[in-house]
Amino acid sequence: MGVAGLAISLFWPLGMLLKLGVNRSFWTSFAIGETVIAFILLGIGFICLFASINQVWLSNRFRLLPASTSQLYFSNLLMKTAGFLLIIGLLALIDFALSGLILRNWLMTPIEFQRAISKATFSMTDVMNVVVSFVDAMVSLIVELTFLLILTETLENFVAEKYQRLVGVVSFIVLLFLFSFVDEKISNLISNDIVSVTSVLFDAVVVILCIWASIYLLKNWVESRK
Amino acid sequence: MSAQGLELQHVGYKKMTKVILNDISVKIPLGRLVVLLGENGVGKTTLMRVISDLNKGYQGKVCLNGVSDERRKSLISFSDNLSSFRSKISLNDVIAFYQQGYPDFDLQRVNELLNFMRIDPLQRLGSLSKGNREKFVIALTLARRTRLYLLDEPLSGVDIFSRDKIISSLVKWIDNDSLLLISTHHLSELEQVIDDVLILKDQTMLEYRNVEDIRQQEGLSVEEYYRQTYLEH
């Protein structure tokens, strides 16, 4: 996926160049195209990430390793997420570098670019808010979706083998809807701000509960496939 | 002393409402080579998976050398079918995974075993025939220096000459303070090397008996005894 993303990031502008030539409409189309592709890749990347995380619980190869369930859980989530962030991070870096070059060299004059940059002011609090929001969102997303997938695997054990896939898909959608609905309602009751100490603390509590429940289910219910 | 070995206490396992294993209790000391017998679907693989902690939600207790929780996995080498490895992966890469994952994995031993079974580790996993794949699984399983080896029908696709060769050398690859539990339908070929038999029927344990006792007290070969016991009950 990383290679595909890299290839698209590099070859997209070349394709557009051939089609539109170097003019303003080329750069606008290019920027929109890059954004759309970036979001598509991000979506595919997330699906692959969760499929890959889930595969570990179902594989004898990993379940037989002499590690506790907690060790397996944390190492799986950390390593898979780190790998994902590395690929996405590299692609984002390339895209940002390309965007920077476009802005600096083609859509703005160097002087306009310098002025725009110098006018932009970021306080330390703004930077911290962005960092905390990003970490909070990433950790919550990965831990909570992983929990829902583990819960889905557990529920599948209670139905006949021929219905397991259907029950898995349906229960995941229903659980995702219920979980998001309840989480959002409680979160709104606690605080209206996206980044506040209370909302971050609430998210932390939900994450800890999801980790505990995931490890419990893995240890006692989720089996590897034969 | 009593804690050394494998102990199953009233082990049962259900899948939904279907009983797969029912009330199995047995104590097997270390240093034994035990064959697990029973017809298809009786629960041999499930029993091995329960012992390895791969199957969850079982009743009763599984205890290996006094360890009954998930830590017992570190004392068990189970013959995984390697289905979760990509077919393009080389055998050397699979070996590297085992070497990194299992502290008790003996690289020298796996090389000796592969050499003995005439398997080239440079091959890709997907290029192995059924028999050679089974030989590779046996080599990986026995290359760990651990207490309990579980081989689940390891020889079903192996040719008769290789099978004889592997069976006759099984004792050599297992340490004296270890236990080997092997499920097979090729009983007659294993008869000369095994110490005990564990027979499963109707989801429960029918018999756990010493091979020497069967020969001396019953005057029967293990295969004859198995047939007789199975049909009587």
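Please read these numbers as outputs of a predicted model, since none were measured by experiment.

Reading guide: rules and limits
Residues numbered from 1 in each chain as written. Chains lettered and ligands numbered in written order. Predicted model: local features only at pLDDT ≥ 70, side-chain atom pairs only at ≥ 80, totals over all residues. Helix = DSSP H or I, 4+ residues; strand = E, 2+ residues; numbered from the N terminus. Rg over C-alpha atoms; globule rule 2.2 N^0.38 Å. Buried ≥ 20, exposed ≤ 12 C-beta atoms within 10 Å, placed from the backbone. Contact = placed C-beta atoms within 7 Å. Domains from an automatic or database assignment. Nonpolar A, V, L, I, M, F, W, Y, C, P; charged D, E, K, R; others polar. Pairing = 2+ DSSP bridges. Axes fitted to C-alpha atoms, helices over the stretch in contact; angles between N-to-C directions. UniProt positions renumbered as here; feature names shortened; annotations may be inferred. Parallel < 35°, antiparallel > 145°, perpendicular 65-115°, else oblique. Left-handed = near helix turned anticlockwise from the far one by under 90°.

Colleague: Quick one: what's the story with the overall build of chain B, residue by residue and with numbers?
Modeller: From N to C terminus, chain B includes eight helices and nine strands. Expected size for 233 residues packed as a compact globule is a radius of gyration near 17 Å; at 18 Å, chain B falls within 12% of this value. The dimensions of chain B, computed from C-alpha atoms along their principal axes, are 50 × 40 × 35 Å. In chain B, which comprises 233 residues, the proportion classed as buried is 38%. Summarising the internal contacts of chain B: among those between residues at least 6 apart in sequence, 69% fall at separations of at least 24.

Colleague: Would you mind going over unusual backbone geometry in detail, with residue names and values included?
Modeller: All names here are of chain B. The phi dihedral of Asp53 is positive, around 70°, even though this residue is not glycine. Positive phi outside glycine occurs at Leu82, with the angle close to 65°. Counting through the fold element by element, Leu82 comes out in the loop between strand S5 (76–78) and helix H2 (91–101). Classification of Leu82 by C-beta neighbours within 10 Å gives partly exposed; the count is 19.

Colleague: An account of the domain arrangement of chain A is requested, with residue identities and associated values reported.
Modeller: Residue and element names in this part refer to chain A. Split by domain assignment, chain A resolves into domain 1 (2–119) and domain 2 (124–220). For the side of domain 1 that touches domain 2, the secondary structure elements donating two or more residues are helix H2 (24–57) and helix H4 (69–107). At five residues, H4 tops the list of elements feeding residues into the side of domain 1 that touches domain 2. The residue inventory of the side of domain 1 that touches domain 2, partitioned by class, reads five nonpolar, four polar and no charged.

Colleague: Could you give an account of the environment of B:Gly126, with specific residues and numbers?
Modeller: All names here are of chain B. Within the element layout of this structure, Gly126 appears in the loop between helix H3 (107–116) and helix H4 (130–142). Sequence spacing of Gly126 and Leu170 is 44 residues, and the spatial spacing of their C-alpha atoms is 26 Å. Not counting chain neighbours up to four residues away, the residues in contact with Gly126 comprise Ser87 and Lys88.

Colleague: Describe the sheet that holds strand S2 (residues 18–28) of chain B, listing the residues and the values that go with them.
Modeller: All names here are of chain B. On the basis of which strands lie adjacent, the open sheet formed by three strands has the order S2-S1-S4 and antiparallel pairing. Each of the sheet's edge strands pairs with one partner strand only, and the pair in question is S2 and strand S4 (59–64). On average, each strand axis in the sheet is tilted by 20° relative to the strand beside it, whichever way the strands run. Contacts from helix H1 (residues 44–51) reach strand S1 (6–15), S2 and S4 within the one sheet, and its direction differs from that of S2 by about 65°.

Colleague: How would you explain the UniProt feature "domain: ABC transporter" (unreviewed entry) in chain B if you had to name every residue and give the values?
Modeller: According to UniProt, the positions carrying the feature "domain: ABC transporter" (unreviewed entry) are residues 6–227 of chain B. Structurally, residues 6–227 of chain B comprises 33% helix and 26% strand, and the distance from its first C-alpha atom to its last is 26 Å.

Colleague: Go over the sheet that holds S5(B) with me, naming the residues and quoting the values.
Modeller: Backbone hydrogen bonds hold the strands of a sheet together, and the pairing may be parallel or antiparallel. Residue and element names in this part refer to chain B. Taken in spatial order, the six strands make up an open sheet running S5-S6-S7-S3-S8-S9, and their pairing is mixed. With one partner strand each, in any of the chains shown, S5 and strand S9 (204–210) form the two edges of the open sheet. Adjacent strand axes in the sheet meet at a mean angle of 15°, parallel and antiparallel pairs treated alike. Sheet analysis places S5 next to strand S6 (residues 148–152), joined by three bridges and oriented parallel. Of the residues in S6, the one forming a bridge with Ile76 is Leu148. In this fold H1 packs onto strand S3 (33–37), S5, S6, strand S7 (179–183) and strand S8 (196–201), with an angle of close to 150° to the strand it touches most, S6.

Colleague: So what about the packing of helix H6 (residues 124–156) of chain A against helix H7 (residues 164–190) of chain A? Which residues, and what values?
Modeller: Residue and element names in this part refer to chain A. Running from N to C, H6 and H7 point in directions that differ by 140°, and their axes come no closer than 9 Å. Classified by the angle between their axes, H6 and H7 sit oblique to one another. Considering only the axes of H6 and H7, their crossing is right-handed. Contacts between H6 and H7 involve Glu144, Leu148, Leu149, Leu151, Thr152, Leu155 and Glu156 on the former and, on the latter, Gln164, Val167, Gly168, Ser171, Phe172, Leu175, Leu176 and Phe179. Here the residues of the contact of H6 with H7 are counted per class, giving nine nonpolar, four polar and two charged.

Colleague: Kindly report on H1(B), identifying the contributing residues and their values.
Modeller: Residues and elements named next belong to chain B. Among the eight residues in H1, seven count as buried, and that is most of the element. Within the span of H1, buried status applies to Lys44, Thr46, Leu47, Met48, Arg49, Val50 and Ile51. Positive phi appears at Asp53, one or two residues downstream of H1, with a value of about 70°.

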